[in-house]
Amino acid sequence: MNIINGDFFTSILKIVEGKCKYQKLMLLYDDTVTNFEITNVYNSIKESCIFNKIDINRERENLNEIYNGYRCIIYFCSIDSFLSLDFDKSEFINIYFVRSNAILPYFLNQKNNVENANTDYLIMKNQVVDIELIFSLFFNKFYNYLKNVLFFQSHQFDEIFDIQILSQTKSLDLINLVDKEFEFVDIQILKGCNIEYKFLPIVDYLLITGFSLLVKGIKNQTLSLVDIYKSVKENYALVDKFYAMANNEMFANIINLNFHCVNNICEKCRNAILDRLTICDEFSVQNIKDILIKMKEYCKNNTGILSYLYLYDIFGI
């Protein structure tokens, strides 16, 4: 990722003239962008490219147009509109204009792994501090550790709990230090559940708390299964999935064998998230209830280890 601090309209002209001059360029925007700003983009680069534009929310049916020979895409929208875009961006020159403090999603590919492509540009007019990034790192550090433990892969855990002051430089350094196999599963949940990015700390706290209950419940043998037939009704694929999971003794055996380490790391991550929730905006009880309902449904249909949170009715506790 190429990081640019400066004026957006001047910066995109330099990129277009250097990387895709006289080629097709698409501007993706939403209702957070004014007609005046769109006109400024157009006037800045109209002599250097073949310009087109699509409103992400109002013209979503036209998004396949980007595969009609477009070389460059400019993302001029809110972070939530950006998260709603689900296509492989690797074949394009991507120009992201940061309109809030959120930057993490711009670094992730379609599989929610970090992809620092040299053909991508992140333009920031002001200093950006992505607070939500820290919560995501804390949770996903645990999630990726647990996933590696369960699948008998290397499961070294790197401590990151000494972060006290977050700056733009620190945010970017943390992203660049993430391994390419590291999965940001919470971002996938935001996409799949249509949850706003600002609620990411709550999503991460609910998830890490859910895994804490799951790990301790397995160790203490206090968990009970959700009523599978009642909850999935006549969806026989889900019935088969949960039946196989319920009879998979290996999952519980691995948790028990590694309980001390898994539980210790889970609690460290959970406490790190909890300690920093005070720096976030206040969330209502209704916000949390709505998110829980969406997450429970997501875990129900998930094919990975998140499904165990549904199987053992963790979000029903």
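Just so we're clear, the structure is a prediction, and the values are computed from it rather than from any experiment.

Help me get a handle on the nonpolar core, residues and values and all.
Counting 98 residues, the largest nonpolar core has Leu-28, Phe-211 and Leu-306 as the members making the most contacts within it. Among the elements that line this core, the one with the most residues is helix α4 (residues 131-150), at twelve residues. Look past the residues within four positions of Leu-306 in its chain and what remains in contact with it is Tyr-143, Val-185, Ile-189, Leu-207, Phe-211, Tyr-298 and Cys-299. Grouped together as the second largest cluster of nonpolar side chains are 22 residues, Val-16, Ile-93, Ile-95 and Tyr-121 included.

Describe in detail the packing of aromatic side chains, supporting the description with residues and values.
Taken as a whole and assessed by the stated rule, the structure comprises 21 aromatic pairs. A network of ring pairs unites the aromatic residues Phe-8, Phe-9, Phe-76 and Phe-97 as a single cluster. The ring of Tyr-70 has Lys-24 sitting right over it, with the charged end atom 4.5 Å from the ring centre. One residue, Lys-89, lies across the ring of Phe-87, its end atom 4.8 Å from the ring centre.

Describe the pairing of strand β3 (residues 50-55), with residues and values.
In this structure, strand β2 (residues 24-29) lies alongside β3, joined through six bridges in parallel fashion. Residue pairing in the sheet places Leu-28 in a bridge with Ile-54 of β3. Between the parallel pair β2 and β3, the chain is carried across by helix α2 (residues 35-45), and the sense of this crossover is right-handed.

Account for empty space enclosed by the protein, with residues named and values stated.
The final tally for this structure, using the stated rule, is one cavity of 30 Å³ or more. Considered as a void within the structure, the largest cavity measures approximately 90 Å³ in volume. Together, 13 residues line the largest cavity, and Leu-85, Lys-89, Leu-108, Asn-109 and Lys-191 are the ones closest to its centre. Looking at the lining of the largest cavity, the elements that each hand over two or more residues are α3 (79-83) and α6 (185-193).

Describe helix α7 (residues 200-220), with residues and values.
Compared with an ideal rise of 1.5 Å per residue, which puts 21 residues at 30 Å, α7 spans 30 Å between its outermost C-alpha atoms and is within 8% of the ideal. Burial analysis of α7 places 17 of its 21 residues in the buried class, the great majority of the element.

Describe in detail the confidence of the model for the protein, supporting the description with residues and values.
If pLDDT is low for a region, its predicted coordinates should not be looked at in detail. Mean pLDDT over the protein stands at 90; residues scoring 70 or higher make up 95%. The secondary structure element of the protein with the lowest average pLDDT is helix α5 (residues 168-177), at 80, and the one with the highest is β2, at 97.

Please set out unusual backbone geometry residue by residue, giving values where relevant.
Positive phi, close to 65°, is recorded for Asn-112, a residue that is not glycine. Here Asn-112 shows up in the loop between β5 (93-97) and β6 (120-124). Residue classification places Asn-112 among the buried positions, given a relative accessible area of 3%. Non-glycine residue Asp-313 carries a positive phi angle of around 55°. Here Asp-313 shows up in the segment after α13 (307-311).

Tell me what's going on with the layout of surface pockets, and back it up with residues and numbers.
The calculated volume of the second largest pocket comes to roughly 310 Å³. Contributing to the lining of the second largest pocket are 19 residues, with Ser-100, Asn-101, Glu-132, Tyr-197 and Lys-198 lying nearest its centre. When residues of the lining of the second largest pocket are traced back to their parent elements, those giving at least two are α3 and α4. Looking at the lining of the second largest pocket residue by residue, the classes come out as nine nonpolar, four polar and six charged.

Cut-off values and rules
- Residues numbered from 1 in each chain as written.
- Predicted model: local features only at pLDDT ≥ 70, side-chain atom pairs only at ≥ 80, totals over all residues.
- Heavy atoms only, no water.
- Core = buried A, V, L, I, M, F, W, Y, C linked by side-chain atoms within 4.5 Å.
- Buried < 20%, exposed > 50% of the residue type's maximum accessible area, 1.4 Å probe, protein only.
- Helix = DSSP H or I, 4+ residues; strand = E, 2+ residues; numbered from the N terminus.
- Contact = heavy atoms within 4.5 Å.
- Phe/Tyr/Trp six-rings, centres within 6.5 Å; stacked < 30°, edge-to-face > 60°.
- Lys NZ or Arg CZ within 6 Å of the ring centre and 35° of its normal.
- Pairing = 2+ DSSP bridges.
- Right-handed = clockwise from strand over helix to strand, strands pointing away.
- 1 Å grid on protein atoms, 1.4 Å probe; cavity = no way out; pocket = protein on both sides within 12 Å on 5 of 7 lines; lining within 4 Å.
- Points joined across faces, edges and corners; volume = space filled by probe spheres on them.
- Expected span 1.5 Å × (residues − 1).
- pLDDT = per-residue confidence, 0-100.
- Nonpolar A, V, L, I, M, F, W, Y, C, P; charged D, E, K, R; others polar.

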